[in-house]
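Chain and residue survey
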Amino acid sequence: MADSWTFAVARDDLGRSTLVDGATPEVVDGEALLRVDRVGLTANNVTYAVLGDAMRYWEFFPPAARGLGPQWGLPPLWGFAEVVASTVAGVEVGQRVYGYLPPAGHLVVRPDRVDASGFRDASPHRAELPSPYNAYRSTTGDPAYQADHEDLLILFRPLFFTSFMLADQVVDNGFYGAEALLMSSASSKTAYAAAFELRGRGPRLVGLTSPGNLAFTRSLGCYDEVVPYDDISALDTIPTVYLDLSGTPSTRAALRQHLGDRLVRDIAVGLTNQTPNADAAEEVFFAPVQMRKRGQDWGREGLDQRFTEAWQRFTAVVSGWLDVQVGVGPEALQQAWADVLAGRTPPRVGHVVQL
Ligand SMILES: NC(=O)c1ccc[n+]([C@@H]2O[C@H](COP(=O)([O-])OP(=O)(O)OC[C@H]3O[C@@H](n4cnc5c(N)ncnc54)[C@H](OP(=O)(O)O)[C@@H]3O)[C@@H](O)[C@H]2O)c1
């Protein structure tokens, strides 16, 4: 019975995609079935696809299980799903969870470490993959959950966690002695969320963005200065940390040339430009490293509390300007993918799809 579906992209050409029908999976003992309900799409999801092989993101949701060949990949998404069948005590039909989801109608999970806060998917093919992606949080056991803030959680939760830990790492290291923090793709959600965390803490915050996104990025009020990519030669030559979210090789080259040894740290965070270039940076930011350190410094509860406070400060601000555009159904997901991939989505917009 064709009552489920899967969206996939060609691994060697992310602009080529397919939507296929399939039967709703059956569950066996130890499994539960999630119906994917509401998800978001930002440049971060495209990055998962760009790094699909290198960082094993393609392995979370194997295409073969859905009758698709290995030339296809399922880009992971963040959002909410509903438990529609379960053989596992504590995972109940009707329960709503937040987590890492396939672009598909359903996901079979093997719940483990079940408690009031949710569960982990212990499916064998996910065992070796980074553990933060295997957690499903129950809405009823989640202090950050608010029913009327679901779209903010969908769009920002994983990004904001990175922004929070990135900002914290920079502060924790005394800003690496810099007088300026420079961010590329300053109009991206991850960049401006970090800027809101860093604002007023010491160094000057400078954003780099495309000419078309200058006005929006300036309007945010979280940067001291916003400069277009082709105006790097106008930047002050003061000790600067580069937090790179675009990954554009020519931007890095221009900065190195202009700043010379005043570029005191060069940290790769993202690649909205879709060109893998972590090797060219001095280091790659990886949130779990700083998270582990702060877990030791502050304890798990201290970290959670600081994160929740920062999340609440940020959502109070961002909800004032974010334009959530809600599409309906798998075709809307396919369209949103095409728009985000091509860079057609204005930075003010957040794509959410109700499936
Ligand atoms: N290391 C980590 O753990 C981690 C965690 C979260 C996110 N990230 C990364 O941070 C980056 C930003 O993610 P996000 O979801 O926050 O992005 P987003 O809000 O969707 O960012 C949109 C911005 O990215 C740039 N952009 C979008 N499409 C583009 C295209 N096709 N070509 C060139 N530039 C394009 C534009 O910014 P400009 O005009 O300002 O350049 C655009 O305004 C992603 O690469 C993501 O993977 C990394």
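Residues numbered from 1 in each chain as written. Predicted model: local features only at pLDDT ≥ 70, side-chain atom pairs only at ≥ 80, totals over all residues. Heavy atoms only, no water.

1. Some points on the overall build of the protein chain
- Looking only at helices and strands, the protein chain has seven helices and 18 strands in total.
- For 355 residues, the compact-globule estimate of 2.2 N^0.38 gives 20 Å, and the C-alpha radius of gyration of the protein chain, at 20 Å, lies within 12% of that figure.
- Along the first, second and third principal axes, the C-alpha atoms of the protein chain reach 65 × 45 × 35 Å.
- Counting all 355 residues of the protein chain, 53% fall into the buried class.
- Counted over contacts in the protein chain with a minimum sequence separation of 6, partners at least 24 positions apart contribute 67%.
- Total accessible area on the protein chain is roughly 15100 Å²; 49% of this is exposed by carbon and sulfur atoms.
- Each charge class in the protein chain can be summarised by its mean position, and for the 30 positive and 42 negative side chains these summaries are 3 Å apart. (Helix = DSSP H or I, 4+ residues; strand = E, 2+ residues; numbered from the N terminus. Rg over C-alpha atoms; globule rule 2.2 N^0.38 Å. Buried < 20%, exposed > 50% of the residue type's maximum accessible area, 1.4 Å probe, protein only. Contact = heavy atoms within 4.5 Å. Areas by Shrake-Rupley, 256 points an atom, 1.4 Å probe, with all protein chains shown as cover. Lys, Arg positive; Asp, Glu negative; His and termini not counted. Charge placed at Lys NZ, Arg CZ, Asp CG, Glu CD.)

2. Let's talk about the site of the ligand
- Every one of the 29 residues lining the ligand counts as a neighbour, but T42, T190, T209, S210 and Y229 are closest to it.
- A distance of 2.9 Å separates an oxygen atom of the ligand from a polar atom in the backbone of K189.
- One of the side-chain N or O atoms of S210 is found 2.4 Å from an oxygen atom in the ligand.
- The protein chains hide 85% of the 940 Å² of surface that the ligand would expose on its own.
- Residue assignment for the shell around the ligand shows that the elements contributing at least two residues are α1 (43–50), α2 (150–172), α3 (189–198) and α7 (330–341).
- Element by element, the count of residues in the shell around the ligand is highest for α1, at three residues.
- When its residues are assigned to classes, the shell around the ligand shows twelve nonpolar, 16 polar and one charged. (Near = heavy atom within 4 Å. Polar contact = N/O pair within 3.5 Å; in protein donor to acceptor, adjacent residues only side chain to side chain. Nonpolar A, V, L, I, M, F, W, Y, C, P; charged D, E, K, R; others polar.)

3. Some points on the pairing of strand β10 (residues 135–138)
- By the alternation rule, side chains of β10 split into Y136 and S138, which are all buried, and A135 and R137, of which none is buried.
- Here strand β6 (residues 96–101) runs beside β10; their pairing, made up of two bridges, is antiparallel. Among the inter-strand pairings, V97 is bridged to a residue of β10, identified as S138.
- Sheet topology note: the strand β9 (residues 118–121)/β10 ladder contains three bridges and is antiparallel. The partner of G118 across the bridge, within β10, is R137. (Pairing = 2+ DSSP bridges.)

4. Focus on the sheet that holds strand β16 (residues 283–284)
- Within the open sheet, the six strands sit side by side as β13-β12-β11-β14-β15-β16. Their pairing is parallel. Of all the strands in the sheet, the pair left with one neighbour each is β13 (225–228) and β16.
- Sheet analysis places strand β11 (residues 180–183) next to strand β14 (residues 240–244), joined by four bridges and oriented parallel. From the neighbouring strand, A180 faces β14, where its bridge partner is T240.
- Strand contacts of helix α5 (residues 249–259): β11, β12 (204–209), β14 and β15 (263–268), with the helix running at about 180° to β14, the strand carrying the most contacts. (Axes fitted to C-alpha atoms, helices over the stretch in contact; angles between N-to-C directions.)

5. Let's talk about the domain arrangement of the protein chain
- As far as domains go, the protein chain holds domain 1 (4–142 + 322–354) and domain 2 (157–288).
- The C-alpha centroid of domain 2 is placed 29 Å from the C-alpha centroid of domain 1.
- Taken together, the contacts link 17 residues of domain 1 with twelve residues of domain 2.
- Roughly 1300 Å² is buried in total at the junction of domain 1 and domain 2, and carbon and sulfur atoms are behind 66% of that figure.
- When the area that domain 1 buries against domain 2 is broken down by residue, the three leading residues are V50, Y98 and P347, summing to 35%. (Domains from an automatic or database assignment. Buried area = accessible area lost by both parts, 1.4 Å probe.)

6. So, unusual backbone geometry
- One non-glycine residue, R56, lies in the positive phi region at around 65°.
- Here R56 falls in the partly exposed class, since its relative accessible area comes to 34%.
- The backbone of R113 shows a phi angle near 45°, a positive value even though the residue is not glycine.
- On the accessibility criterion, R113 (60% relative accessible area) is exposed.

7. Side note on the environment of H125
- For H125, the location among the structural elements is in the loop between β9 and β10.
- The class for H125 is partly exposed, based on a relative accessible area of 36%.
- Considering only alpha carbons, one finds H125 and E59, 66 residues apart in sequence, at a separation of 7.4 Å.
- Among residues more than four places away in sequence, those in contact with H125 are E59, F60 and P62.
- A distance of 2.9 Å separates the side chain of H125 from the backbone oxygen of F60, its partner in a polar contact.

8. Focus on the packing of α2 against α3
- Contact pair α2 / α3: the axes reach a minimum separation of 8 Å and the direction vectors enclose 45°. Considering their axes alone, α2 and α3 lie oblique with respect to each other. The handedness of the crossing between α2 and α3 is right-handed. Contacts between α2 and α3 pair F156, L159, F160, T162, S163, F164, L166, A167, V170 and V171 from the former with K189, T190, Y192, A193, A194, E197 and L198 from the latter.
- The residue inventory of the contact of α2 with α3, partitioned by class, reads twelve nonpolar, three polar and two charged. (Parallel < 35°, antiparallel > 145°, perpendicular 65-115°, else oblique. Left-handed = near helix turned anticlockwise from the far one by under 90°.)

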